[in-house]
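A look at the structure
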Amino acid sequence: MKFMQIIDYKTADFDGLNAVMDKWVEQTRGKRTTGHAVTGRDRSASNHYVDIVEFDSYEDAMKNSRLPETDSMFQEMVSLCDGMPSFTDLDVVREEQLNAATARRFFHEIAVGGNLDAIDEVFAADYIDHDIANEQESETGRDVIRRDVAMWRGAFDFTFELDRQVAEGDDVVLLWTWIGKHKGEFQGIPATGEQCVMTGTTVFRFDSGRIKEGWWHMDLMRLMRQLGAM
C-alpha cells in the first residue's frame, strides 16, 4: 500500500531550508526511498509551507527516516522553522490520475472499441497531432484523429496492450504493443490476412482535462516487413 507523509511548518528562511533539502537530496543519492515530493506555500500566509512526500510503502518511509542524513536534515530544518514541524502519516486508500484514465480511454474505447463520438470528449478542438506515419510534421483538429482511427480500423482488426504508462504534470506517456490482422488496404497494400505486431510510444499533453497535443512514434518498418512490403 502506498504511503504519504505530510509535513506542515512555518519558516521565514525558505531559501535556507531549500538549501538544506538540496544537500539531503545529494547526500542520499542511491539510498533514499522516496521518489516524489511536493512543496506548497500557503497563499494566505507566506511563511506557511506544506511538504507532501510519497513512498511506495510505510516500510520504505521508515527506511528513509532511519538514514543518518535524514536525521541531520531534520535537525537543520527545525533550526530554521518557527516552532516544531507537524507530521501526518497517511495510508493511500484511493488514487486517481484523471489524465491517465483519459489517455487509456482513447486506446480502449476509441481506437479499439470504435466509439468515434467520444473523440470530441477526449480531444481538444484545436488538438495538434505529430505522427511519423503522416507526411506533414503536424496537423491540427479532432478530425485528424477521427480520420486516422477510421483508416487503421478499416485496414486492421487490432488490439492495444498498454505495457507502461507514466503521468507527470500535464503529460501522459504510454508504451504500447499493437496486434492486428490485416483485413483491408493499407498504404497501397491489399489485405494479406497477416497477423502483425508493432510497438510504439505515445506522448499526450493535456489542457483542462482534454488531450491538447500528441506525439506518435511507432515501428512502421517492422509492420511493413510483416506485410511483405520490404
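Attention in this report is confined to the structure presented alongside it. (Residues numbered from 1 in each chain as written. Predicted model: local features only at pLDDT ≥ 70, side-chain atom pairs only at ≥ 80, totals over all residues. Heavy atoms only, no water.)

Topic: unusual backbone geometry
Positioned with a positive phi, Gln 187 is a non-glycine residue whose angle comes to about 50°. With respect to the secondary-structure elements, Gln 187 resides in the loop between β8 (171-182) and β9 (195-207). A positive phi angle is found at Ser 208, which is not glycine, with a value near 55°. Residue placement: Ser 208 occurs in the loop between β9 and β10 (210-218). (Helix = DSSP H or I, 4+ residues; strand = E, 2+ residues; numbered from the N terminus.)

Quick word on the packing of aromatic side chains
To describe a pair of aromatic rings, you give the distance between the ring centres and the angle between the ring planes. For the coordinates displayed, the defined rule picks out 23 aromatic pairs. Here Phe 3 and Phe 55 contribute two aromatic rings whose centre-to-centre distance is 6.3 Å and whose plane-to-plane angle is 45°, an arrangement assigned as tilted. Highlighted residues: Phe 3 in strand β1 (residues 3-10) and Phe 55 in strand β3 (residues 48-55), separated in sequence by 52 residues. Pair check on accessibility: Phe 3 and Phe 55 agree, each one buried. Consider the rings of Phe 204 and Trp 216, whose centres lie 5.6 Å apart with planes at 80°: the pair is edge-to-face. One end of the pair, Phe 204, is in strand β9; the other, Trp 216, is in strand β10, with 12 residues separating them in the sequence. Accessibility expressed as a relative area gives 0% for Phe 204, which makes it buried. Residue classification places Trp 216 among the buried residues on the basis of a relative accessible area of 8%. (Phe/Tyr/Trp six-rings, centres within 6.5 Å; stacked < 30°, edge-to-face > 60°. Buried < 20%, exposed > 50% of the residue type's maximum accessible area, 1.4 Å probe, protein only.)

A closer look at the packing of helix α1 (residues 14-27) against helix α3 (residues 68-80)
At their nearest, the axes of α1 and α3 sit 10 Å apart, and the two run at 180° to each other. As the angle between them shows, α1 and α3 are arranged roughly antiparallel. Touching Gly 16, Leu 17, Val 20, Met 21, Lys 23, Trp 24 and Gln 27 of α1 are Glu 69, Thr 70, Met 73, Glu 76, Met 77 and Leu 80, all from α3. Split into classes, the residues belonging to the contact of α1 with α3 amount to 7 nonpolar, 3 polar and 3 charged. (Axes fitted to C-alpha atoms, helices over the stretch in contact; angles between N-to-C directions. Parallel < 35°, antiparallel > 145°, perpendicular 65-115°, else oblique. Contact = heavy atoms within 4.5 Å. Nonpolar A, V, L, I, M, F, W, Y, C, P; charged D, E, K, R; others polar.)

Some words on the side chain of Ser 57
The residue Ser 57 is located in the loop between β3 and α2 (58-65) in this model. Look at Ser 57 and you get buried, because its relative accessible area is 14%.

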